[in-house]
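Here is what each chain is made of, one letter per residue.
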Amino acid sequence: MKIVASSDWRDAIPFDTLVVVADVVPGEPTRCFTCGTDSEPQPRTELWAYKHRHPKNHDGYVRFYCAEHRPVIQRPVVAAYVASSRSARSSRAAAERRPAKPSIPERQRAVCPNCFVEVSATGECGMCSWSDS
């Protein structure tokens, strides 16, 4: 059996964006999440829907906020790309590189001509007792 997430109105709301609730879900007046259940219901044209990210649910969750409690959206700062300084750094770094050290070849080990097994340090095969001396 394959379990699939259902599709509803919350999928249409983008993450980290304020949307008027009446545009997303028309209906009766409702309450702000921060004001709580003791507050008076407000018209959906005066409330904002905000889709939060959730660490364990990739669909996130949606909360309604009044104008006073709506979240402040912080946009990430994008660094400007400067091609000339980057290419100068990379060419300077390439010129400063040192040549690689030559690798030491692995020592050839003795192999038994009968069993084709590597011979121990004593020079005797552990399988057939052949000796290289």
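Along each chain, residues carry numbers from 1 onward, in the same order as the chain's sequence is written. At least 70 in pLDDT is required for a residue's local features to be given in this predicted model, at least 80 for side-chain atom pairs to be given and counted, and no such filter applies to totals for whole chains, interfaces and linings, which use all residues. Calculated side-chain values reflect all of the structure's heavy atoms, with hydrogen atoms and water omitted.

## Observations regarding the environment of phenylalanine 116
By the criteria applied, helices consist of DSSP H or I runs no shorter than four residues and strands consist of E runs no shorter than two, each listed in order from the N terminus. Following the sequence through the fold, phenylalanine 116 ends up in the segment after helix H2 (83-95). With 11 residues separating them in the primary sequence, phenylalanine 116 and methionine 127 have C-alpha atoms 9.7 Å apart.

## Some remarks on the state of the cysteines
Two cysteine sulfurs form what is called a disulfide whenever their separation falls within 2.5 Å. Per the stated rule, a full pass over the model turns up 0 disulfides. Cysteine 112 forms no disulfide, and the closest cysteine sulfur to it belongs to cysteine 128, at a distance of 3.6 Å. In this scheme, a residue with accessible area under 20% of its type's maximum is buried, one over 50% is exposed, and one in between is partly exposed, where area comes from a 1.4 Å probe on protein chains only. For cysteine 112, a relative accessible area of 1% gives the class buried. The structure places no disulfide on cysteine 128, whose sulfur is separated from the nearest cysteine sulfur, that of cysteine 115, by 3.5 Å.

## Here we look at the nonpolar core
Definition used in this section: a nonpolar core is a set of buried Ala, Val, Leu, Ile, Met, Phe, Trp, Tyr and Cys residues joined via side-chain atoms within 4.5 Å. Counting residues in hydrophobic clusters, the biggest one holds 11 residues: Ile13, Val19, Val21, Cys32, Leu47, Ala49, Tyr50, Val62, Phe64, Tyr65 and Cys66. Among the secondary structure elements, those contributing two or more residues to this core are strand E2 (48-52) and strand E3 (61-65). Per element, the largest residue contribution to this core is 3 residues, and it comes from E3. The contact rule is simple, with two residues in contact once any of their heavy atoms fall within 4.5 Å. Setting aside anything within four residues of it in sequence, one finds cysteine 66 in contact with Cys32, Cys35, Gln42, Glu46, Leu47 and Trp48.

## A word on the sheet that holds E2
The strand order across the open sheet built from 3 strands is E1-E2-E3, with neighbouring strands paired in antiparallel fashion. The two strands at the open ends of the sheet, each matched to only one other strand, are strand E1 (18-20) and E3. The mean inter-strand angle of the sheet, taken between neighbouring strand axes irrespective of direction, is 35°. At least two DSSP bridges between two strands are needed for those strands to be called paired. Taken together, the 3 bridges between E1 and E2 define a ladder with antiparallel strand orientation. Paired with valine 20 across the bridge in E2 is tryptophan 48. Note on method: axes are straight lines fitted to C-alpha atoms, helices fitted across the in-contact stretch only, with angles between N-to-C directions ranging 0 to 180 degrees.

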